[in-house]
Amino acid sequence: MTYAITQTCCNDATCVAVCPVNCIHPTPEERAFGSTEMLHIDPRACIDCGACADACPVDAIFPVDSLSAGQREYADINAAYYEGAEPLAAEVDGPNFHAWGEPVFERSLPSDFGPLRVAVVGTGPAGMYAAQDLLLHTAAEVTLIDRLPVAGGLVRYGVAPDHPATKKVGDTFSRFHSHPRVRMHLGIEVGRDVTAEELSAHHDAVIYAVGASTDRRLGVPGEETPGCLSATAFVAWYNAHPEAVAQGVDLSAERVVVVGNGNVALDVARILVADPEALAATDIAAQALDALRASRVREVVVLGRRGPEDAAYTRSELLALKHVPGVELVVDDHDPRTAAAIDAAGAGDRAGVLKGLARVRTDAASPTDAASPTDAASPTGGERRIVLRFHSEVREIRGEGDGVNSVRVTDGGGDGDGGGTADLKAGLLLRAIGYRGIPVPGLPFDEASGTVPHEGGRVAGVPGSYVVGWIKRGPSGGIGANRTCAAETVGTLLADAVAGELPAPTGDARAFRRLARQRNRRVVDARGLAAIDRAERDRGRRDGRPRVKLATVEELVATARSGRLLRLTR
C-alpha cells in the first residue's frame, strides 16, 4: 500500500523533508518546484511508512487504499507524474534506501551572531513562515503586528469554510503566537497608528507581509450597480471578516454570474450552491449560513475569458468540484473552441478533467424559466448546478431597481470578438479576476504590479525593510509558496545583518509597546488572542461546530479584554 497526495496539498514541502526514501517530488531543490499544482508521491518508491502523512500540515496525504471514490483520481495523478521517469535506484551496500546528495548550507552565520529584533507586519501565512524561520533558525526576537485584532490573515479569512483541512496549517502557525521570543500587537495598523519610520526605529529590521487586500476591476459599464461585488468582499462575508459587507449579500435571484477562472472563482461558486446543512458543520459566518439557508440560487455561471486549456484554477480544485453532493457540474458549449479543446486534451491536462461532463447552452432566462422536462441538464426542484462558460467576457452589467438584473456577455462564434453577445438574467455578479496589493505608507510602490519594489525581499531604497508574500511577488501561489518566499527574504535579511547593513534601532521592545498602546488602547496581545480562540471554540461546541467566529472588531476586542482579565484574577 502506498500513499497519495490529494486536493488540499499546500506545496510547502514539509513532507519532502521527512520522507526517508526521497519519493516526493518536485523537491525545493528541483527546477520544477513551485511550478506544479501539487507535490506527488512516487508509488514505485513509497515504502508505506506514513511519515509524510504525519508531517503534512493540511491533512492532504492518505493511504491509497483509504481514498474515497471521489479521491481515487488523485492516486492516478500522483502515479502519472512519474510516468516515463526512471525509478530511484536503491543503495545496495548500506542501510540507506537511496543515495543522498551532499548536504547544502545556504546560510552561514558567524558564531557570535547576536539576536535581532524583527517586526513582522501581517500574521497570515507569509508573515508566519518568516517568523517561523527566524524563531527556529536564529535567536531573533519577533514582534507580530496585524491591523486586525486577531491573527490568521488569509488562513482565517480567505480559505473556504468547507476546506477545514487547509485551515489546519493555522495550528502550525499558532504555536508561535505564545513563543517566549514573540511579542504580539494586534489591532495596530502601519500608517494609522504607527509609521513605518517609527516601526524601524524600534527594530533592527521590519518584514512586511501585508498581502494583496483589494481586487481588480472589470472596467465595464454598470460595474457600480448594487449586486456587483468583488469575490474578496464575498469571501470576507462568509468568513466573518470584521470588514465584510455590512448589509449582507442578496441571494434572492436564481442565477449568479462569477467572473474569473481561478480557485477563488471555484470557491465562491461552490459555496453558493453547497448544501447549507453541510456548511453548518464548518466555521462559516453565522449570517452567511442563515442567508444560504434562505437562498434561491440554483445556478452559478462561471465565466472564463480564455479556453478550458488556459484556466487559472488547479486541476485538483476542479476535480473536487465534480464531487460536490447535489450539485451538477456542466460545460457551456456556446463556443466551438471549448468542445474542441476538451476533446483534444490529454488525461493530465486541465481541460481533460472536463471530459464526460454534460454540455449545455446557458439560456438567457433564469434557470427555472429555462428548465423543461426534457432538459436533463437544467436544474429543477432542489437540484443545483455550476456552469463553466469559457471564451466569454462581460460587456455590460445592467441593473433594475436596487440591483443587478442581467449581464451582457460575449457569445459564441469562435473569432477574437466572441461572435456576438447574450444577456444572461442574473441577480448577482461576483468578480474574481485577481487580487491587488495597496501601497504601504512609507514604502515605495509599483502601481503597475501592485507590489513593493524589492531585491530578494529587500525593499528598494529603505534599508532594514523587507517584504514577503503577495505584496512582494504579486497574487500568485498558494499557502506553501510563502515558505520558499519567506526563506528568500529572511536569507536576505540575515545576509544584510552579517554585513552590518541594518540601521541601528533607537528604541527597544518596551518603548515600542508603550508607543503602540498610547496610539491604540485596544491592542490585543497573545493572552487576548488566546481568549478569543477559547471563546470561539466554546461557542462552536454549543452549536456542534469547530468554532463560531466573532464577527466585529468590538466583539473581538471585548472578548480579548474580558478573557485576559478573567485569567489574571484566577
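Residues numbered from 1 in each chain as written. Predicted model: local features only at pLDDT ≥ 70, side-chain atom pairs only at ≥ 80, totals over all residues. Heavy atoms only, no water.

Enquirer: Pulling in residues and values, what's your account of the overall build of the protein chain?
Expert: Counting secondary structure elements, the protein chain contains 20 helices and 23 strands. On C-alpha atoms alone, the protein chain measures out to a radius of gyration of 25 Å, which is about the 25 Å that the 2.2 N^0.38 rule sets for 570 residues. Projected onto the principal axes, the alpha-carbon positions of the protein chain cover approximately 75 × 70 × 50 Å. Sequence separation of 24 or more characterises 74% of the internal contacts of the protein chain that already satisfy a separation of 6 or more. (Helix = DSSP H or I, 4+ residues; strand = E, 2+ residues; numbered from the N terminus. Rg over C-alpha atoms; globule rule 2.2 N^0.38 Å. Contact = heavy atoms within 4.5 Å.)

Enquirer: Please set out the packing of helix α9 (residues 231–238) against helix α10 (residues 263–273) residue by residue, giving values where relevant.
Expert: With their axes 11 Å apart at the nearest point, α9 and α10 run at an angle of 50° to one another. One finds that α9 runs oblique with respect to α10. Relative to α10, α9 is oriented so that their crossing is left-handed. Where α9 approaches α10, its residues Ala231, Phe234, Val235 and Tyr238 are matched on the opposing element by Val264, Asp267, Val268, Ile271 and Leu272. Here the residues of the contact of α9 with α10 are counted per class, giving 8 nonpolar, no polar and 1 charged. (Axes fitted to C-alpha atoms, helices over the stretch in contact; angles between N-to-C directions. Parallel < 35°, antiparallel > 145°, perpendicular 65-115°, else oblique. Left-handed = near helix turned anticlockwise from the far one by under 90°. Nonpolar A, V, L, I, M, F, W, Y, C, P; charged D, E, K, R; others polar.)

Enquirer: I'd like to hear about the pairing of strand β8 (residues 205–208), residue by residue, with values.
Expert: Here β8 shows a buried face lined by Ala205 and Ile207 and a second buried face lined by Val206 and Tyr208. Taken together, the 4 bridges between strand β5 (residues 117–121) and β8 define a ladder with parallel strand orientation. Considered in β8, the bridge of Ala119 is made with Val206. Taken together, the 3 bridges between β8 and strand β23 (residues 465–467) define a ladder with parallel strand orientation. Residue pairing in the sheet places Tyr208 in a bridge with Val467 of β23. (Buried < 20%, exposed > 50% of the residue type's maximum accessible area, 1.4 Å probe, protein only. Pairing = 2+ DSSP bridges.)

Enquirer: Could you give me a rundown of the pattern of salt bridges, with the residues and numbers involved?
Expert: Across all of its chains, the model carries 40 salt bridges by this definition. Across the pair Glu223 and Arg217 runs a salt bridge whose closest N-O atoms are separated by 3.8 Å. Looking at Arg217, the relative accessible area reads 44%, which means it is partly exposed. Note that Lys549 is salt-bridged to Asp283, the shortest N-O span being 3.8 Å. With Lys549 in the loop between α19 (526–543) and α20 (553–569) and Asp283 in the loop between α11 (276–279) and α12 (286–293), this residue pair connects regions lying 266 residues apart in the sequence. In terms of burial, Lys549 and Asp283 fall into one category: buried. In the salt-bridge network here, residues are joined through shared partners; they are Arg156, Asp533, Glu536, Arg537 and Arg547. (Salt bridge = Lys/Arg side-chain N within 4 Å of Asp/Glu carboxyl O.)

Enquirer: Hey, could you go over the sheet that holds strand β17 (residues 403–410) for me, with residue numbers and the actual values?
Expert: The 3 strands lie next to each other as β16-β17-β18, forming an open sheet whose pairing is antiparallel. Of all strands in the sheet, those bounded by a partner on one side alone are β16 (394–400) and β18 (421–425). Looking at each pair of strands side by side, their axes are set apart by 25° on average, direction ignored.

Enquirer: Any chance you could break down empty space enclosed by the protein for me, citing the residues and the numbers?
Expert: Under the definition given, this model contains 2 cavities of 30 Å³ or more. Empty space within the largest cavity amounts to approximately 70 Å³. Surrounding the largest cavity, 14 residues form its lining, Cys9, Cys10, Asn11, Cys15 and Cys56 being those nearest its centre. Looking at the lining of the largest cavity, its residues break down into 11 nonpolar, 2 polar and 1 charged. Of the voids in this model, the second largest cavity is the one considered here, and its volume is about 50 Å³. Looking at side-chain class alone, the lining of the second largest cavity contains 9 nonpolar, 1 polar and 1 charged residues. (1 Å grid on protein atoms, 1.4 Å probe; cavity = no way out; pocket = protein on both sides within 12 Å on 5 of 7 lines; lining within 4 Å. Points joined across faces, edges and corners; volume = space filled by probe spheres on them.)

Enquirer: Just give me the short version of the side chain of Asn11, but keep the residues and values in it.
Expert: One can find Asn11 in the loop between β1 (3–5) and α1 (14–18). When its relative accessible area of 13% is taken as the criterion, Asn11 is described as buried. Here Thr36 takes part through its backbone oxygen, which lies 3.4 Å from a polar atom of the side chain of Asn11. Excluding residues within four positions of it along the chain, Asn11 makes contact with Phe33, Thr36, Glu37, Met38, Leu39 and Gly480. (Polar contact = N/O pair within 3.5 Å; in protein donor to acceptor, adjacent residues only side chain to side chain.)

Enquirer: Now, about the nonpolar core: what can you tell me, with residues and values included?
Expert: Counting residues in hydrophobic clusters, the biggest one holds 120 residues, and the most contacted among them are Ile24, Ile207 and Tyr238. Beyond its immediate stretch of four places on either side in the chain, Tyr238 contacts Ala160, Pro161, Asp267, Val268, Ile271, Ile284, Ala285 and Ala288. (Core = buried A, V, L, I, M, F, W, Y, C linked by side-chain atoms within 4.5 Å.)

Enquirer: I'd love a proper account of the layout of surface pockets, names of residues and values included.
Expert: By volume, the second largest pocket is sized at about 1500 Å³. Lining the second largest pocket are 43 residues, and of these Pro28, Glu29, Val104, Glu106 and Arg483 lie nearest its centre. Counting only elements with at least two residues in the lining of the second largest pocket, the list comes to α1, α4 (125–137), α7 (169–174) and α17 (481–498). Within the lining of the second largest pocket, the residues separate by chemical class into 21 nonpolar, 12 polar and 10 charged.

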